[in-house]
Amino acid sequence: VKNIPKQTFYGCDKMNRIAFSDELLYIGEKAFKGCQSLKELNIPNAVAYISPDSLDGCVSLESIQVAENNICYCSQDGVLYNKDRSIIFKFPEKKTLYEFIIPETVQSINDSSFSNNEYIKSVICNHPLHSFKKNVFNGTSHISNCVLTLDEKADMESLWNLGYYIVCNKQLSAETHSYGYEL
């Protein structure tokens, strides 16, 4: 199998593990969405594309591992990044890390990267980001400390998305107290 097309395993809530062929190249939109029992995902070397929403709703996902020789993606401590770690793609929904310090290499946080993680309480980025996509923290109601900044290269979409998160996100707890914000 070289491609996992759109919604292939959508809602397979009993599937707790899957083995990919080494030839797998493509993981399509919502390919594993709603796979509620999937605990770990191992991405082989050849994978060149993973749709940003392919793992949404994987509420038991604790870790994403990427083969060392993959040229497009990597993982560190179970978090999925692009190869040079400039983009966070997915912080697993069941990862039990309470404080996450975003690595200095990260310039962008992708759509829904931290969505639905019930454990994360603090996200700290000690450097400006270029891009902050939509729904980054959707469903993360336990965050009480979030320090993020945007740099002067950030686009209007990132400004809007961060502003929405700060001002309008009703899922934030009353204890949320710390934000960085620069343009």
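Above this text you will find the structure in question.
I will try to describe carefully the structure that is included in this document.

Analysis parameters
- Residue numbers restart at each chain and count upward from 1, following the sequence in its written direction.
- Totals for whole chains, interfaces and linings use every residue, but because this is a predicted model, local features are given only for residues with pLDDT of at least 70 and side-chain atom pairs only at 80 or more, for both listing and counting.
- Note that the side-chain values use all heavy atoms of the structure and ignore hydrogens as well as water.
- Each residue is placed in one exposure class: buried if its accessible area under a 1.4 Å probe, protein chains only, is under 20% of its type's maximum, exposed if it is over 50%, and partly exposed if it falls in between.
- A run of H or I in DSSP becomes a helix once it reaches four residues, and a run of E becomes a strand once it reaches two; helices and strands are each numbered from the N terminus.
- At least two DSSP bridges between two strands are required for those strands to pair.
- Note on charges: Lys and Arg go in the positive column, Asp and Glu in the negative column, and His and the chain ends are not counted at all.
- Salt bridge, as used here, is a side-chain nitrogen of Lys or Arg placed within 4 Å of a carboxyl oxygen of Asp or Glu.
- Contacts are assigned to residue pairs with any non-hydrogen atoms lying within 4.5 Å of each other.
- For this analysis, a ring pair means two rings from Phe, Tyr or Trp (six-membered ring only for Trp) whose centres lie within 6.5 Å, classed as stacked if their planes differ by under 30 degrees, edge-to-face if by over 60, and tilted for the remaining angles.
- Here, over-ring charges are defined by two tests on the NZ atom of lysine or the CZ atom of arginine: distance to the ring centre within 6 Å, and angle to the ring normal within 35 degrees.

Details of the pairing of strand β3 (residues 40-43)
Alternating residues of β3 divide into L41 and I43, all buried, and E40 and N42, none buried. Note that β3 and strand β5 (residues 63-66) share four bridges and pair parallel. Looking at β5, one finds that I43 is bridged to V66.

A closer look at the side chain of D53
With respect to the helices and strands, the residue D53 is situated in the loop between β4 (49-50) and β5. With no salt bridge to any partner, buried D53 finds its closest opposite charge in K30, at an N-O distance of 4.7 Å. Excluding anything up to four places from it in sequence, D53 contacts E29 and K30.

A closer look at the pattern of salt bridges
Counted according to the given criterion, the structure contains two salt bridges. A salt bridge links D56 to K90; the shortest N-O distance between them is 3.8 Å. Of this pair, D56 sits in the loop between β4 and β5 while K90 sits in strand β8 (residues 87-90), and the two are 34 residues apart along the sequence. On the basis of relative accessible area, D56 is assigned to the buried category, the value being 13%. One salt bridge in this structure joins E93 and K90, with 3.4 Å as the shortest N-O distance. Assigned by exposure class, E93 and K90 land together as buried.

Quick look at unusual backbone geometry
You will see that Q7, though not glycine, has its phi angle at about 60 degrees, which is positive. Given the relative accessible area of 36%, Q7 is considered partly exposed.

A short note on the packing of aromatic side chains
Each pair of aromatic rings is reported with the distance of its centres and the angle of its planes. On inspection of all chains with the given rule, the structure shows 10 aromatic pairs. Taking the ring centre of Y81 as reference, the NZ or CZ of R85 above it sits at 5.8 Å.

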